[in-house]
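Here is what each chain is made of, one letter per residue.
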Amino acid sequence: MLQRDYIMRLIQEFLAALQRMLEKKEIESRRETLEKLYDQYVGPHDFYHLASVEDVFQSLAGEEAARRAMKIQMLAELYYYDAQMETEPLRSMLLQKAYTMYDWLQDHEQTYSVERVRRLEEIRAAMNK
């Protein structure tokens, strides 16, 4: 129970930091903050930003299940917002990675999330533009 509380608190802290990043006006400032969020919460930005989905899942395979799910959720959010600041073809690649992460969570998490379903729909719509 303590571990689950810790994970929930960490996710809330992460989402608050992500929200602060979104409030910044300048794209370069947003990018720098986003890179720091990768480094602080999931691992090296240089790896996760460009790694294939398979490589990402492989890198998280050794994590305990709840921690792996937490990191996948954080990566999905990071990829989604990262894609908003990029141009093609990187934008499409990041959206696809975000979709894959959310889809994995949808299949493997025991709790239903309306927010996750909504995000999947948003990403699907953005990829079809």
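Conventions used here
Residues numbered from 1 in each chain as written. Predicted model: local features only at pLDDT ≥ 70, side-chain atom pairs only at ≥ 80, totals over all residues. Heavy atoms only, no water. Helix = DSSP H or I, 4+ residues; strand = E, 2+ residues; numbered from the N terminus. Rg over C-alpha atoms; globule rule 2.2 N^0.38 Å. Buried < 20%, exposed > 50% of the residue type's maximum accessible area, 1.4 Å probe, protein only. Contact = heavy atoms within 4.5 Å. Areas by Shrake-Rupley, 256 points an atom, 1.4 Å probe, with all protein chains shown as cover. Lys, Arg positive; Asp, Glu negative; His and termini not counted. Charge placed at Lys NZ, Arg CZ, Asp CG, Glu CD. Arc of directions from axis to C-beta. Expected span 1.5 Å × (residues − 1). Salt bridge = Lys/Arg side-chain N within 4 Å of Asp/Glu carboxyl O. Axes fitted to C-alpha atoms, helices over the stretch in contact; angles between N-to-C directions. Left-handed = near helix turned anticlockwise from the far one by under 90°. Nonpolar A, V, L, I, M, F, W, Y, C, P; charged D, E, K, R; others polar.

**Q** Describe the overall build of the protein, and please don't skip the residues or the numbers.
**A** Looking only at helices and strands, the protein has 7 helices and 0 strands in total. Its C-alpha atoms give the protein a radius of gyration of 14 Å, within 12% of the compact-globule value 14 Å for 129 residues. Per-residue burial for the protein yields a buried fraction of 41% across its 129 residues. When contacts within the protein are restricted to residue pairs at least 6 apart in sequence, those whose partners lie at least 24 apart make up 62%. As displayed, the protein offers around 7700 Å² of accessible surface, 51% of which is attributable to carbon and sulfur atoms. Distance between charge centres in the protein, computed from 18 positive and 23 negative side chains, equals 4 Å.

**Q** I'd like to hear about helix H4 (residues 53–60), residue by residue, with values.
**A** Among all positions in H4, only Val53, Val56 and Leu60 are buried. Burial along H4 is one-sided: seen end-on, the buried residues are contained in an arc of 60 degrees. In H4, the exposed positions angled more than 90 degrees off the buried face are occupied by Glu54 and Gln58. Looking at the buried positions of H4, the neighbouring elements they touch are helix H3 (45–50), helix H5 (65–84) and helix H6 (90–108).

**Q** Give a detailed account of helix H7 (residues 114–127), specifying residues and quantitative values.
**A** If you check H7, its first and last C-alpha atoms are 20 Å apart, about what 14 residues at 1.5 Å a residue would give, namely 20 Å. Of the positions making up H7, those classed as buried are Arg116, Arg119, Leu120, Ile123 and Ala126. Looking straight down H7, one finds its buried side chains confined to an arc of 130 degrees; they lie on one side. Packing partners of the buried residues in H7 comprise H5 and H6.

**Q** Can you tell me about the pattern of salt bridges, naming the residues and giving the values?
**A** Taken as a whole and assessed by the stated rule, the structure comprises 9 salt bridges. The partner of Glu88 in a salt bridge is Arg91, with the nearest N and O atoms 3.4 Å apart. By relative accessible area, which is 45% here, Glu88 ends up partly exposed. Glu122 serves as the salt-bridge partner of Arg119, at 2.8 Å between the closest nitrogen and oxygen. Of the two residues, Arg119 and Glu122 are both situated in helix H7; the distance of 3 residues between them amounts to about one turn of the helix. For Arg119, a relative accessible area of 6% gives the class buried. You can call Glu122 partly exposed: its relative accessible area is 25%.

**Q** Describe the packing of H5 against H7, with residues and values.
**A** Where H5 contacts H7, the two axes come as close as 12 Å, and the packing angle between them is 35 degrees. Of the two possible hands of crossing, H5 and H7 adopt the one that is left-handed. Facing Glu77, Tyr80 and Tyr81 of H5, the residues of H7 in contact are Arg119, Glu122 and Ile123. Of the residues belonging to the contact of H5 with H7, the class tally is 3 nonpolar, no polar and 3 charged.

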